[in-house]
Amino acid sequence: MSSKVKFEIEFPIHASTKMLYQYFATPSGLSEWFADNVNSRGEMFTFIWDGSEEKAKVLQERPEEKIKFKWEEDEDPKSYFEFRLEIDDITKDVALIVTDFAEEDEVDEAKMFWENQIDELKHTIGA
């Protein structure tokens, strides 16, 4: 089994970290832009798209800063996906850094997926 490669994409977003964080760490926030529907039970989140569902477990969370998930069906022990918010000390601009893993020949596709998702998020929050 080929191991996946890690990649990061950074998106500048004009919104407060407090407001933004709700869109990554709550089922209602995630269902606004990431999946058709999201449910959670404790640290287990269920993402629903077109009737199919995938579960992800929260591995780490720092309110208003970052949340890291691991897909339940992903067999690569190193892989996860993470939303991280960073504020530039000087400009106070907020950047969202998405970290994810993909097969080497699927990285471009995965990046495109995230670009589309984050466009949807920006559209949702009017940023």
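Now for a description of the structure that goes with this document. (Residues numbered from 1 in each chain as written. Predicted model: local features only at pLDDT ≥ 70, side-chain atom pairs only at ≥ 80, totals over all residues. Heavy atoms only, no water.)

### Digging into the packing of aromatic side chains
In this structure the tally under the stated criterion is 24 aromatic pairs. Consider the rings of Phe34 and Phe47, whose centres lie 5.4 Å apart with planes at 85°: the pair is edge-to-face. Of this pair, Phe34 sits in the loop between α2 (27–30) and β2 (37–41) while Phe47 sits in strand β3 (residues 44–49), and the two are 13 residues apart along the sequence. Each member of the pair Phe34 and Phe47 is classed as buried. Both rings, one in Phe81 and one in Phe83, keep their centres 5.9 Å apart while their planes meet at 85°; by these two values the pair is edge-to-face. Each member of the pair, Phe81 together with Phe83, is buried. Among the aromatic side chains, those forming a connected cluster through ring pairs are Phe24, Trp33, Phe34, Phe45, Phe47, Trp49, Phe69, Trp71, Phe81, Phe83, Phe113 and Trp114. Sitting above the plane of the Tyr80 ring, Lys68 keeps its charged end 4.3 Å from the centroid. (Phe/Tyr/Trp six-rings, centres within 6.5 Å; stacked < 30°, edge-to-face > 60°. Helix = DSSP H or I, 4+ residues; strand = E, 2+ residues; numbered from the N terminus. Buried < 20%, exposed > 50% of the residue type's maximum accessible area, 1.4 Å probe, protein only. Lys NZ or Arg CZ within 6 Å of the ring centre and 35° of its normal.)

### Some points on helix α3 (residues 107–125)
Helical geometry: 3.6 residues make up each α-helical turn, so side chains three or four residues apart lie on a common side. Taking 1.5 Å per residue, 19 residues should reach 27 Å; α3 reaches 27 Å between its end C-alpha atoms and fits that length. Those residues of α3 that sit buried are Val107, Ala110, Trp114, Gln117, Ile118, Leu121 and Ile125. One face of α3 carries all of its buried residues, which in axial projection span an arc of 100°. The outward face of α3, more than 90 degrees from its buried face, is lined by the exposed residues Asp108, Glu109, Met112 and His123. Taken together, the buried residues of α3 touch β1 (5–13), α1 (17–25), β6 (81–87) and β7 (94–102). Looking one or two residues past α3, Gly126 carries a phi angle of roughly 70°, positive in sign. (Expected span 1.5 Å × (residues − 1). Arc of directions from axis to C-beta. Contact = heavy atoms within 4.5 Å.)

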